[in-house]
Amino acid sequence: MSSFDIWIVIAISSVIMFLMRITGYLIPQKLLQGVRLNQIITLIPIVLLAALVAIQTGTSGDEITVDHRLAGVAVGAVTLYFKGSFILVLSLSGLTGALLYNFL
Amino acid sequence: MGVAIPVGIYGAAFGAAANTAGLNLLQTMALSLLLFSGATQFAIVGVIASGGAVAAAIITGALLGIRNGFYAVRIAPLLQVRGLRRILAAHITIDESIAVALAHESSDGDGDGGGDSATRDKKNSDLFKGFWFTGLGVLFFWNLFTFIGALGAGLLEDPARWGLDTAVPAAFLALLWPQLKNNRLRIIALASLLLSLALAPFLSAGLPIIATVLIAVGAGWRVR
(Lines give C-alpha, C1' and ligand atoms only; values in the text may rest on other atoms or scores of the structure.)
Protein backbone atom coordinates (compact mmCIF):
# COMPACT_ATOMS: atom_id res chain seq x y z
CA MET A 1 0.00 0.00 0.00
CA SER A 2 1.42 3.42 -0.93
CA SER A 3 1.56 6.25 1.57
CA PHE A 4 -1.34 7.87 -0.27
CA ASP A 5 -3.40 4.66 0.02
CA ILE A 6 -2.68 4.58 3.74
CA TRP A 7 -4.02 8.12 4.07
CA ILE A 8 -7.17 7.06 2.20
CA VAL A 9 -7.66 4.19 4.66
CA ILE A 10 -7.12 6.50 7.65
CA ALA A 11 -9.52 9.16 6.36
CA ILE A 12 -12.35 6.82 5.33
CA SER A 13 -12.03 4.62 8.42
CA SER A 14 -12.09 7.62 10.74
CA VAL A 15 -15.21 9.02 9.06
CA ILE A 16 -16.98 5.64 9.17
CA MET A 17 -16.07 5.24 12.84
CA PHE A 18 -17.40 8.67 13.73
CA LEU A 19 -20.62 8.10 11.80
CA MET A 20 -21.21 4.79 13.57
CA ARG A 21 -20.68 6.43 16.94
CA ILE A 22 -22.73 9.58 16.37
CA THR A 23 -25.62 7.58 14.89
CA GLY A 24 -26.05 5.88 18.25
CA TYR A 25 -26.47 9.28 19.90
CA LEU A 26 -28.75 10.71 17.20
CA ILE A 27 -31.32 7.90 17.04
CA PRO A 28 -34.47 9.42 18.58
CA GLN A 29 -34.79 7.89 22.03
CA LYS A 30 -38.52 7.48 21.55
CA LEU A 31 -37.69 4.76 19.03
CA LEU A 32 -35.72 2.86 21.67
CA GLN A 33 -38.20 2.93 24.52
CA GLY A 34 -39.88 -0.43 24.06
CA VAL A 35 -39.32 -2.82 26.97
CA ARG A 36 -38.06 -5.53 24.66
CA LEU A 37 -35.64 -3.27 22.79
CA ASN A 38 -34.49 -1.80 26.08
CA GLN A 39 -33.68 -5.24 27.44
CA ILE A 40 -31.72 -6.11 24.31
CA ILE A 41 -29.71 -2.87 24.31
CA THR A 42 -28.87 -3.36 28.00
CA LEU A 43 -27.27 -6.71 27.20
CA ILE A 44 -25.20 -5.50 24.26
CA PRO A 45 -22.08 -4.26 26.11
CA ILE A 46 -22.00 -7.55 28.02
CA VAL A 47 -22.11 -9.81 24.95
CA LEU A 48 -19.62 -7.69 23.01
CA LEU A 49 -17.08 -7.46 25.84
CA ALA A 50 -17.34 -11.19 26.53
CA ALA A 51 -16.74 -11.92 22.85
CA LEU A 52 -13.82 -9.52 22.73
CA VAL A 53 -12.20 -11.26 25.71
CA ALA A 54 -12.70 -14.65 24.04
CA ILE A 55 -11.31 -13.58 20.66
CA GLN A 56 -8.29 -11.79 22.09
CA THR A 57 -7.48 -14.63 24.47
CA GLY A 58 -8.21 -17.70 22.41
CA THR A 59 -7.58 -16.95 18.74
CA SER A 60 -4.70 -16.08 16.43
CA GLY A 61 -6.02 -14.93 13.08
CA ASP A 62 -8.84 -17.39 12.37
CA GLU A 63 -7.40 -20.22 14.45
CA ILE A 64 -8.37 -21.24 17.96
CA THR A 65 -5.20 -21.20 20.07
CA VAL A 66 -4.43 -22.19 23.63
CA ASP A 67 -1.32 -20.37 24.81
CA HIS A 68 0.23 -18.06 27.42
CA ARG A 69 -2.67 -15.62 27.05
CA LEU A 70 -5.25 -18.12 28.31
CA ALA A 71 -3.14 -18.83 31.41
CA GLY A 72 -2.66 -15.12 32.05
CA VAL A 73 -6.34 -14.24 31.60
CA ALA A 74 -7.27 -17.16 33.90
CA VAL A 75 -5.00 -15.66 36.56
CA GLY A 76 -6.79 -12.36 35.92
CA ALA A 77 -10.18 -14.04 36.45
CA VAL A 78 -9.06 -15.52 39.77
CA THR A 79 -7.76 -12.09 40.82
CA LEU A 80 -11.15 -10.59 39.93
CA TYR A 81 -12.96 -13.30 41.89
CA PHE A 82 -10.98 -12.27 44.97
CA LYS A 83 -11.87 -8.63 44.26
CA GLY A 84 -8.40 -7.55 43.14
CA SER A 85 -8.07 -4.03 41.73
CA PHE A 86 -7.93 -3.29 38.00
CA ILE A 87 -4.20 -2.63 38.07
CA LEU A 88 -3.54 -5.83 40.06
CA VAL A 89 -5.53 -7.86 37.52
CA LEU A 90 -3.52 -6.40 34.64
CA SER A 91 -0.18 -6.83 36.43
CA LEU A 92 -0.70 -10.46 37.45
CA SER A 93 -2.15 -11.56 34.13
CA GLY A 94 0.47 -9.65 32.13
CA LEU A 95 3.25 -11.10 34.27
CA THR A 96 1.91 -14.64 33.87
CA GLY A 97 1.57 -14.20 30.12
CA ALA A 98 5.05 -12.74 29.75
CA LEU A 99 6.73 -15.43 31.89
CA LEU A 100 5.09 -18.28 29.98
CA TYR A 101 5.78 -16.65 26.61
CA ASN A 102 9.45 -15.99 27.31
CA PHE A 103 10.42 -19.10 29.25
CA LEU A 104 8.30 -21.93 27.87
CA MET B 1 -7.61 7.25 35.76
CA GLY B 2 -7.15 3.77 37.21
CA VAL B 3 -8.28 2.39 33.86
CA ALA B 4 -6.96 5.10 31.53
CA ILE B 5 -3.25 4.78 32.32
CA PRO B 6 -2.75 1.01 31.97
CA VAL B 7 -4.98 0.88 28.89
CA GLY B 8 -3.22 3.91 27.43
CA ILE B 9 0.15 2.21 27.82
CA TYR B 10 -1.00 -0.39 25.34
CA GLY B 11 -0.98 2.49 22.85
CA ALA B 12 2.79 1.99 22.78
CA ALA B 13 2.22 -1.45 21.28
CA PHE B 14 -0.01 0.12 18.64
CA GLY B 15 2.58 2.79 17.85
CA ALA B 16 5.18 0.08 17.39
CA ALA B 17 2.87 -2.11 15.28
CA ALA B 18 1.96 0.82 13.02
CA ASN B 19 5.59 1.78 12.60
CA THR B 20 6.49 -1.81 11.72
CA ALA B 21 3.62 -1.93 9.20
CA GLY B 22 5.16 1.04 7.37
CA LEU B 23 3.03 3.95 8.62
CA ASN B 24 4.88 7.19 9.23
CA LEU B 25 4.57 9.05 12.52
CA LEU B 26 1.86 11.42 11.26
CA GLN B 27 -0.26 8.55 9.93
CA THR B 28 0.14 6.61 13.17
CA MET B 29 -0.91 9.59 15.26
CA ALA B 30 -3.82 10.37 12.92
CA LEU B 31 -5.24 6.90 13.60
CA SER B 32 -4.94 7.21 17.38
CA LEU B 33 -6.33 10.74 17.44
CA LEU B 34 -9.05 10.67 14.75
CA LEU B 35 -10.13 7.05 14.65
CA PHE B 36 -9.39 6.27 18.31
CA SER B 37 -10.46 2.67 18.74
CA GLY B 38 -7.78 0.18 19.71
CA ALA B 39 -9.01 -3.06 18.17
CA THR B 40 -9.91 -1.30 14.91
CA GLN B 41 -6.54 0.43 14.70
CA PHE B 42 -4.69 -2.87 15.23
CA ALA B 43 -6.85 -4.54 12.58
CA ILE B 44 -6.15 -1.81 10.04
CA VAL B 45 -2.37 -1.84 10.48
CA GLY B 46 -2.53 -5.64 10.49
CA VAL B 47 -4.14 -5.65 7.05
CA ILE B 48 -1.64 -3.05 5.81
CA ALA B 49 1.30 -5.07 7.19
CA SER B 50 0.10 -8.21 5.43
CA GLY B 51 -0.12 -6.39 2.10
CA GLY B 52 -3.92 -6.23 2.01
CA ALA B 53 -6.00 -3.92 -0.17
CA VAL B 54 -7.41 -0.52 0.82
CA ALA B 55 -10.97 -1.87 0.91
CA ALA B 56 -9.97 -4.85 3.07
CA ALA B 57 -8.36 -2.56 5.63
CA ILE B 58 -11.40 -0.28 5.75
CA ILE B 59 -13.96 -3.08 5.99
CA THR B 60 -12.08 -5.06 8.64
CA GLY B 61 -11.66 -1.92 10.70
CA ALA B 62 -15.33 -1.01 10.38
CA LEU B 63 -16.48 -4.50 11.40
CA LEU B 64 -14.47 -4.25 14.60
CA GLY B 65 -15.71 -0.70 15.17
CA ILE B 66 -19.49 -1.26 14.87
CA ARG B 67 -19.29 -2.19 18.55
CA ASN B 68 -18.88 1.49 19.39
CA GLY B 69 -22.14 2.29 17.60
CA PHE B 70 -23.99 -0.22 19.76
CA TYR B 71 -22.34 1.24 22.85
CA ALA B 72 -23.51 4.70 21.81
CA VAL B 73 -27.12 3.47 21.63
CA ARG B 74 -26.76 2.02 25.11
CA ILE B 75 -25.14 5.04 26.77
CA ALA B 76 -26.95 7.93 25.00
CA PRO B 77 -30.11 7.89 27.17
CA LEU B 78 -28.01 7.70 30.34
CA LEU B 79 -25.67 10.58 29.43
CA GLN B 80 -28.25 12.93 27.88
CA VAL B 81 -25.63 15.04 26.10
CA ARG B 82 -26.48 17.82 23.65
CA GLY B 83 -24.75 19.96 21.04
CA LEU B 84 -20.98 19.95 20.67
CA ARG B 85 -20.51 17.81 23.74
CA ARG B 86 -22.37 15.06 21.92
CA ILE B 87 -19.67 15.04 19.25
CA LEU B 88 -16.96 14.67 21.87
CA ALA B 89 -18.99 12.02 23.72
CA ALA B 90 -19.35 10.08 20.47
CA HIS B 91 -15.60 10.24 19.85
CA ILE B 92 -14.76 8.80 23.28
CA THR B 93 -17.42 6.07 23.11
CA ILE B 94 -15.13 3.07 23.58
CA ASP B 95 -15.13 -0.21 25.52
CA GLU B 96 -13.47 1.36 28.54
CA SER B 97 -15.60 4.51 28.95
CA ILE B 98 -18.82 2.52 28.55
CA ALA B 99 -17.79 -0.24 30.94
CA VAL B 100 -16.68 2.14 33.68
CA ALA B 101 -19.87 4.21 33.28
CA LEU B 102 -22.14 1.16 33.36
CA ALA B 103 -20.45 -0.14 36.52
CA HIS B 104 -22.18 2.85 38.20
CA GLU B 105 -25.58 2.36 36.61
CA SER B 106 -28.34 2.86 39.15
CA SER B 107 -30.09 -0.49 38.87
CA ASP B 108 -29.51 -4.17 38.52
CA GLY B 109 -29.37 -3.81 34.77
CA ASP B 110 -33.06 -3.58 33.93
CA GLY B 111 -32.79 0.11 33.19
CA ASP B 112 -35.53 1.51 35.37
CA GLY B 113 -33.44 2.74 38.28
CA GLY B 114 -33.25 1.45 41.81
CA GLY B 115 -32.99 2.77 45.33
CA ASP B 116 -34.14 6.17 46.61
CA SER B 117 -33.66 9.30 44.55
CA ALA B 118 -30.56 10.51 46.46
CA THR B 119 -28.74 7.25 45.79
CA ARG B 120 -29.86 7.45 42.17
CA ASP B 121 -28.51 11.00 41.72
CA LYS B 122 -25.19 9.98 43.27
CA LYS B 123 -24.98 6.99 40.97
CA ASN B 124 -25.86 9.06 37.89
CA SER B 125 -23.12 11.53 38.72
CA ASP B 126 -20.64 8.64 39.15
CA LEU B 127 -21.79 7.26 35.80
CA PHE B 128 -21.24 10.64 34.17
CA LYS B 129 -17.79 11.07 35.71
CA GLY B 130 -16.84 7.50 34.89
CA PHE B 131 -17.65 8.03 31.23
CA TRP B 132 -15.89 11.37 30.76
CA PHE B 133 -12.82 10.74 32.92
CA THR B 134 -12.21 7.31 31.46
CA GLY B 135 -12.92 8.33 27.85
CA LEU B 136 -10.81 11.49 27.91
CA GLY B 137 -8.14 9.81 30.02
CA VAL B 138 -7.76 6.93 27.57
CA LEU B 139 -7.77 9.42 24.66
CA PHE B 140 -4.88 11.32 26.25
CA PHE B 141 -2.76 8.37 27.38
CA TRP B 142 -3.49 6.28 24.29
CA ASN B 143 -2.14 9.08 22.10
CA LEU B 144 0.81 9.84 24.37
CA PHE B 145 1.91 6.20 24.34
CA THR B 146 1.19 5.76 20.63
CA PHE B 147 3.73 8.52 20.09
CA ILE B 148 6.28 6.90 22.41
CA GLY B 149 5.71 3.48 20.87
CA ALA B 150 6.07 4.75 17.32
CA LEU B 151 9.41 6.36 18.17
CA GLY B 152 10.76 3.38 20.12
CA ALA B 153 9.29 0.75 17.81
CA GLY B 154 12.33 -1.54 18.02
CA LEU B 155 11.80 -2.13 21.74
CA LEU B 156 8.18 -3.17 21.42
CA GLU B 157 8.27 -5.13 18.22
CA ASP B 158 6.88 -8.17 20.03
CA PRO B 159 4.26 -7.02 22.60
CA ALA B 160 3.91 -10.62 23.83
CA ARG B 161 7.40 -10.48 25.36
CA TRP B 162 6.11 -7.83 27.75
CA GLY B 163 2.83 -9.59 28.51
CA LEU B 164 0.84 -6.92 26.69
CA ASP B 165 -1.09 -9.37 24.52
CA THR B 166 -2.30 -11.02 27.76
CA ALA B 167 -2.95 -7.87 29.78
CA VAL B 168 -5.31 -6.47 27.13
CA PRO B 169 -7.95 -9.24 27.19
CA ALA B 170 -7.52 -9.35 30.98
CA ALA B 171 -8.35 -5.63 31.04
CA PHE B 172 -11.53 -6.24 29.02
CA LEU B 173 -12.44 -9.07 31.40
CA ALA B 174 -11.96 -6.70 34.34
CA LEU B 175 -14.25 -4.18 32.61
CA LEU B 176 -16.89 -6.85 32.00
CA TRP B 177 -16.74 -8.37 35.51
CA PRO B 178 -18.70 -5.74 37.48
CA GLN B 179 -21.48 -5.88 34.87
CA LEU B 180 -22.13 -9.57 35.56
CA LYS B 181 -24.48 -8.89 38.44
CA ASN B 182 -26.51 -12.12 38.43
CA ASN B 183 -26.44 -15.66 37.07
CA ARG B 184 -28.58 -14.79 34.06
CA LEU B 185 -26.02 -12.19 32.95
CA ARG B 186 -23.14 -14.59 33.65
CA ILE B 187 -24.73 -17.24 31.46
CA ILE B 188 -25.31 -14.69 28.69
CA ALA B 189 -21.63 -13.66 28.85
CA LEU B 190 -20.49 -17.27 28.80
CA ALA B 191 -22.70 -18.02 25.80
CA SER B 192 -21.24 -15.01 23.95
CA LEU B 193 -17.74 -16.15 24.74
CA LEU B 194 -18.45 -19.61 23.32
CA LEU B 195 -20.34 -18.37 20.25
CA SER B 196 -17.56 -15.99 19.21
CA LEU B 197 -14.94 -18.74 19.58
CA ALA B 198 -17.09 -21.19 17.64
CA LEU B 199 -17.47 -18.70 14.77
CA ALA B 200 -13.87 -17.45 14.75
CA PRO B 201 -12.54 -20.08 12.32
CA PHE B 202 -15.30 -19.38 9.80
CA LEU B 203 -15.94 -15.63 9.77
CA SER B 204 -13.59 -12.75 9.01
CA ALA B 205 -12.20 -10.58 11.79
CA GLY B 206 -14.82 -8.63 13.71
CA LEU B 207 -17.86 -10.67 12.67
CA PRO B 208 -17.58 -13.32 15.42
CA ILE B 209 -17.80 -10.47 17.94
CA ILE B 210 -20.74 -8.69 16.26
CA ALA B 211 -22.56 -12.03 15.93
CA THR B 212 -23.03 -12.18 19.69
CA VAL B 213 -25.56 -9.36 19.37
CA LEU B 214 -27.86 -12.24 18.38
CA ILE B 215 -27.48 -13.58 21.92
CA ALA B 216 -28.48 -10.19 23.31
CA VAL B 217 -31.53 -10.21 21.02
CA GLY B 218 -32.46 -13.78 21.98
CA ALA B 219 -32.01 -13.25 25.71
CA GLY B 220 -33.66 -9.81 25.76
CA TRP B 221 -36.62 -10.81 23.59
CA ARG B 222 -38.80 -12.24 26.33
CA VAL B 223 -40.45 -9.35 28.17
CA ARG B 224 -39.81 -9.89 31.86
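Residues numbered from 1 in each chain as written. Chains lettered and ligands numbered in written order. Predicted model: local features only at pLDDT ≥ 70, side-chain atom pairs only at ≥ 80, totals over all residues.

### Topic: the overall build of chain A
Then, in step 1: In terms of regular secondary structure, chain A is built from 4 helices and 2 strands.
Then, in step 2: Ordered by position from the N terminus, the helices and strands of chain A form the series α-α-β-β-α-α.
Then, in step 3: On C-alpha atoms alone, chain A measures out to a radius of gyration of 20 Å, which is more than a quarter above the 13 Å that the 2.2 N^0.38 rule sets for 104 residues.
Then, in step 4: Seen through its principal axes, chain A has C-alpha atoms that stretch 50 × 50 × 25 Å. (Helix = DSSP H or I, 4+ residues; strand = E, 2+ residues; numbered from the N terminus. Rg over C-alpha atoms; globule rule 2.2 N^0.38 Å.)

### Remarks on the overall build of chain B
Then, in step 1: Helices and strands together make up the secondary structure of chain B, namely 11 helices and 0 strands.
Then, in step 2: Each helix and strand of chain B, ordered N terminal to C terminal, gives the series α-α-α-α-α-α-α-α-α-α-α.
Then, in step 3: In terms of overall dimensions, chain B has a C-alpha envelope of 55 × 35 × 35 Å along the principal axes.
Then, in step 4: In chain B, which comprises 224 residues, the proportion classed as buried is 51%.
Then, in step 5: Restricting the contact set of chain B to residue pairs at least 6 apart, pairs at least 24 apart contribute 70%. (Buried ≥ 20, exposed ≤ 12 C-beta atoms within 10 Å, placed from the backbone. Contact = placed C-beta atoms within 7 Å.)

### A short note on the interface of chain B and chain A
Then, in step 1: Listed as interface residues are 81 residues of chain B and, on the opposing side, 68 residues of chain A.
Then, in step 2: Considering each element in turn, the side of chain B that touches chain A owes the most residues, 17 residues, to helix α4 (residues 54–79) of chain B.
Then, in step 3: Partitioning the side of chain B that touches chain A into residue classes produces 56 nonpolar, 19 polar and 6 charged. (Nonpolar A, V, L, I, M, F, W, Y, C, P; charged D, E, K, R; others polar.)

### Re unusual backbone geometry
Then, in step 1: Positive phi outside glycine occurs at Lys-83 of chain A, with the angle close to 60°.
Then, in step 2: Positionally, Lys-83 of chain A belongs in the loop between α3 (68–81) and α4 (86–103).
Then, in step 3: For Gln-80 of chain B, which is not glycine, the phi dihedral falls at a positive 55°.
Then, in step 4: Summarising the element assignment, Gln-80 of chain B is placed in the loop between α4 and α5 (83–91).
Then, in step 5: The class for Gln-80 of chain B is exposed, based on 11 C-beta atoms found within 10 Å.

### Notes on helix α1 (residues 3–26) of chain A
In an α-helix, one turn spans 3.6 residues; hence positions three or four apart end up facing the same way.
Then, in step 1: Here α1 of chain A is 24 residues long and its end C-alpha atoms lie 34 Å apart, about the 34 Å a rise of 1.5 Å per residue gives.
Then, in step 2: The set of residues buried in α1 of chain A consists of Ile-6, Val-9, Ile-10, Ser-13, Ser-14, Met-17, Met-20, Arg-21, Gly-24 and Tyr-25 of chain A.
Then, in step 3: Taken together, the buried residues of α1 of chain A touch α2 (25–35), α3 (38–49), α4 and α5 of chain B. (Expected span 1.5 Å × (residues − 1).)

### Let's talk about the packing of helix α2 (residues 35–58) of chain A against helix α8 (residues 164–176) of chain B
Angle between the axes and distance between the axes are the two parameters that describe a pair of packed helices.
Then, in step 1: Where α2 of chain A contacts α8 of chain B, the two axes come as close as 9 Å, and the packing angle between them is 160°. By the angle between their axes, α2 of chain A is roughly antiparallel relative to α8 of chain B. The handedness of the crossing between α2 of chain A and α8 of chain B is left-handed. Note on element contacts: α8 of chain B touches α2 of chain A through Val-168, Pro-169, Phe-172, Leu-173, Leu-175 and Leu-176 of chain B, opposite Ile-46, Leu-49, Ala-50, Leu-52, Val-53, Gln-56 and Thr-57 of chain A.
Then, in step 2: Residue classes in the contact of α2 of chain A with α8 of chain B are distributed as 11 nonpolar, 2 polar and no charged. (Axes fitted to C-alpha atoms, helices over the stretch in contact; angles between N-to-C directions. Parallel < 35°, antiparallel > 145°, perpendicular 65-115°, else oblique. Left-handed = near helix turned anticlockwise from the far one by under 90°.)

### Thoughts on the environment of Ala-198 of chain B
Residues and elements named next belong to chain B.
Then, in step 1: Mapped onto the secondary structure, Ala-198 falls in helix α9 (residues 183–199).
Then, in step 2: For Ala-198, a count of 14 C-beta atoms within 10 Å translates into the label partly exposed.
Then, in step 3: Separated by 10 residues in the primary sequence, Ala-198 and Pro-208 place their C-alpha atoms 8.2 Å from one another.

### Brief notes about the environment of Gly-69 of chain B
Then, in step 1: Its location among the elements puts Gly-69 of chain B in helix α4.
Then, in step 2: Expressed as a C-alpha distance, the spacing of Gly-69 of chain B and Ile-94 of chain B, which sit 25 residues apart in the sequence, is 9.2 Å.
Then, in step 3: Apart from the residues within four sequence positions on either side, Gly-69 of chain B is in contact with Met-20, Arg-21, Thr-23 and Gly-24 of chain A.

### Side note on the nonpolar core
Side chains that are nonpolar tend, in soluble globular proteins, to be buried together.
Then, in step 1: Counting 100 residues, the largest nonpolar core has Val-47, Leu-49 and Ala-50 of chain A together with Leu-176 of chain B as its most contacted members.
Then, in step 2: If you tally residues by element for this core, the top one is α2 of chain A, at 14 residues.
Then, in step 3: Here this core spans two domains, since at least three of its residues come from each of domain 1 (4–164) and domain 2 (180–224) of chain B. (Core = buried A, V, L, I, M, F, W, Y, C linked by C-beta atoms within 7 Å. Domains from an automatic or database assignment.)

### Description of the domain arrangement of chain B
Residue and element names in this part refer to chain B.
Then, in step 1: Domain annotation for chain B reports domain 1 (4–164) and domain 2 (180–224).
Then, in step 2: Measuring from the centre of the C-alpha atoms in domain 1 to the corresponding centre in domain 2 gives 21 Å.
Then, in step 3: On the domain 2 side, the residues contacting the 9 residues of domain 1 number 10 residues.
Then, in step 4: By residue class, the composition of the side of domain 1 that touches domain 2 is 5 nonpolar, 2 polar and 2 charged.

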